Amino acid sequence: MSGRLEGKVSLITGTASGMGRAAALKFAQEGALVIGCDINAEGNDETIRLVKAAGLSMTGMAPVDLSDPDVAKSWVEESAAVHGRIDVVFNNASGPRFAPLPEMSVDLWQFNTRNELDLVFYVTKFAWPYLAERGGVFVNTGSTSAWEGTPHAGMAAHCAHKGGVVAFTRAVAVDGAAVGIRAVSISPGPIRTPETEKNYFSKVPNAEALLLQKLLSKRIGVPEDVAALAAFMASDEASYMTGCDVIIDGGMTCI
């Protein structure tokens, strides 16, 4: 039985760990021809090993710094050459930094711009001609931080730039409709990944207990939750979905 992404050439950014690694595995399980990248070569190599150990296939490139437009352009072009086409782009990579607004430096703000928003634009721009040929799909990773404030200081830059990703996705959907391109975004809530472990769970006292009080699901999300949604939204089963953002947060934002 073929998978929902059978034969679709799927570019996934940020495949060294977390949601990107889970997406590489899930997309490959669904029959996609996965091409991943990350700035972390060691982690990316481990993802490739895990995919191949599962009897699946993945091409990976690292280190790739997508905040550099020339590097992003080269990666997209090299990826397109692997199979001669691109059908899906999952703009998952993100590298935020955090600081309370009164203490936030201009350098930190600009770092987030490059590593949360610019890289999504660059990959989208350079992949556009390939997706226009195929009527392809952009899936972008937003965040519930795009939709609500947070009681934890230091999130202003992250909130602003993830809000930008969600708004950018809607604009991509409008511009892409004429050539059959769909664009959707996913806004995860609390997901336990190496990055959130480092930046949130290990720093905020009683972080898990506080979150569980707000989650209708009564569990913290895992990368596989997001990967499954991304695979569906990238598939033909979601062909009536475009210009939308889907929140996946265990019910956190509804209460």
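Here, every reference points to the structure presented above.
Here's what I pulled together on the structure shown here. Just so it is clear, the model here is predicted, and its values are computed rather than measured.

Before going further, it helps to spend a moment on the pairing of strand β1 (residues 9-13). Within β1, five of the five residues are buried, which leaves the element mostly enclosed by the surrounding structure. Taking every second residue as pointing to the same face, both faces of β1 are buried, with Val 9, Leu 11 and Thr 13 on one and Ser 10 and Ile 12 on the other. By the bridge criterion, five bridges tie β1 to strand β2 (residues 33-37) in an arrangement that is parallel. Bridge pairing in β2 links Leu 11 to Ile 35. With respect to chirality, the unit in which β1 leads through helix α1 (residues 18-29) into the neighbouring parallel β2 is right-handed. Across three bridges, β1 lies against strand β4 (residues 88-91) in parallel orientation. Among the inter-strand pairings, Leu 11 is bridged to a residue of β4, identified as Val 89.

Tallied over the entire structure, the rule returns five aromatic pairs. Here the aromatic rings of Phe 121 and Phe 168 are separated by 6.3 Å at their centres, their planes lie at 80 degrees, and the arrangement is edge-to-face. On the criterion of sequence distance, the pair formed by Phe 121 in helix α4 (residues 106-134) and Phe 168 in helix α5 (residues 156-176) is long-range, its members being 47 residues apart. Given the relative accessible area of 22%, Phe 168 is considered partly exposed. Both rings, one in Trp 128 and one in Phe 138, keep their centres 6.2 Å apart while their planes meet at 20 degrees; by these two values the pair is stacked. Of this pair, Trp 128 sits in helix α4 while Phe 138 sits in strand β5 (residues 137-141), and the two are 10 residues apart along the sequence. For Trp 128, a relative accessible area of 23% gives the class partly exposed.

For the rest of this paragraph, the subject is unusual backbone geometry. Excluding glycine, residues mostly have negative phi values, and the peptide bonds linking residues are mostly trans. Cis peptide bonds are those with omega within 30 degrees of zero, and the linkage from Ala 62 to Pro 63 qualifies with 0 degrees. Counting through the fold element by element, Pro 63 comes out in the loop between β3 (58-61) and α3 (69-83). Of note in the backbone geometry, Asn 206 takes a positive phi value of approximately 55 degrees without being a glycine. Following the sequence through the fold, Asn 206 ends up in the loop between α6 (194-201) and α7 (207-214).

Position of Pro 129 relative to the elements: it lies in helix α4. Pro 129 sits in the partly exposed class, given a relative accessible area of 45%. Note: C-alpha distance between Pro 129 and Val 179 (50 residues apart in sequence) is 9.7 Å.

This part takes up the nonpolar core. Of all hydrophobic cores here, the largest spans 28 residues; its most connected members are Phe 27, Val 34, Phe 90, Val 139 and Ile 186. Those residues in contact with Phe 27 that lie beyond four places of it in its chain are Leu 5, Ser 10, Ile 12, Ala 32, Val 34, Val 88, Phe 90, Ala 227, Ala 230, Ala 231 and Ala 234. The next biggest cluster of nonpolar side chains, apart from the first, holds 27 residues, and it includes Leu 66, Ala 72, Leu 131 and Phe 138.

Take the sheet that holds β3 next. Within the open sheet, the seven strands sit side by side as β3-β2-β1-β4-β5-β6-β7. Their pairing is parallel. In this open sheet, the two edge strands, each paired with only one partner strand, are β3 and β7 (245-248). Between one strand axis and the next, the sheet turns by 15 degrees as a mean value, whatever way the strands run. Of the strand pairs in this sheet, β4 and β5 are connected by four bridges, and their pairing is parallel. The partner of Val 88 across the bridge, within β5, is Val 137. The strands touched by helix α2 (residues 41-53) within the sheet are β2 and β3, with β3 carrying the most contacts at an inclination of about 175 degrees. In the packing of α4 onto the sheet, contacts are made with β4 and β5, and the angle to β4 comes to roughly 180 degrees.

Relative to each other, α1 and α2 sit at 25 degrees, their axes nearing to 10 Å. Viewed along their axes, α1 and α2 adopt a mutual orientation that is roughly parallel. For α1 against α2, the interelement crossing comes out right-handed. Seen from α1, the contacting residues are Arg 21, Ala 24, Leu 25 and Ala 28; seen from α2, they are Gly 43, Glu 46, Thr 47, Leu 50 and Val 51. Among the residues making up the contact of α1 with α2, the classes are represented as five nonpolar, two polar and two charged.

Reading the values: rules and limits
Residues numbered from 1 in each chain as written. Predicted model: local features only at pLDDT ≥ 70, side-chain atom pairs only at ≥ 80, totals over all residues. Heavy atoms only, no water. Buried < 20%, exposed > 50% of the residue type's maximum accessible area, 1.4 Å probe, protein only. Helix = DSSP H or I, 4+ residues; strand = E, 2+ residues; numbered from the N terminus. Pairing = 2+ DSSP bridges. Right-handed = clockwise from strand over helix to strand, strands pointing away. Phe/Tyr/Trp six-rings, centres within 6.5 Å; stacked < 30°, edge-to-face > 60°. Core = buried A, V, L, I, M, F, W, Y, C linked by side-chain atoms within 4.5 Å. Contact = heavy atoms within 4.5 Å. Axes fitted to C-alpha atoms, helices over the stretch in contact; angles between N-to-C directions. Parallel < 35°, antiparallel > 145°, perpendicular 65-115°, else oblique. Left-handed = near helix turned anticlockwise from the far one by under 90°. Nonpolar A, V, L, I, M, F, W, Y, C, P; charged D, E, K, R; others polar.

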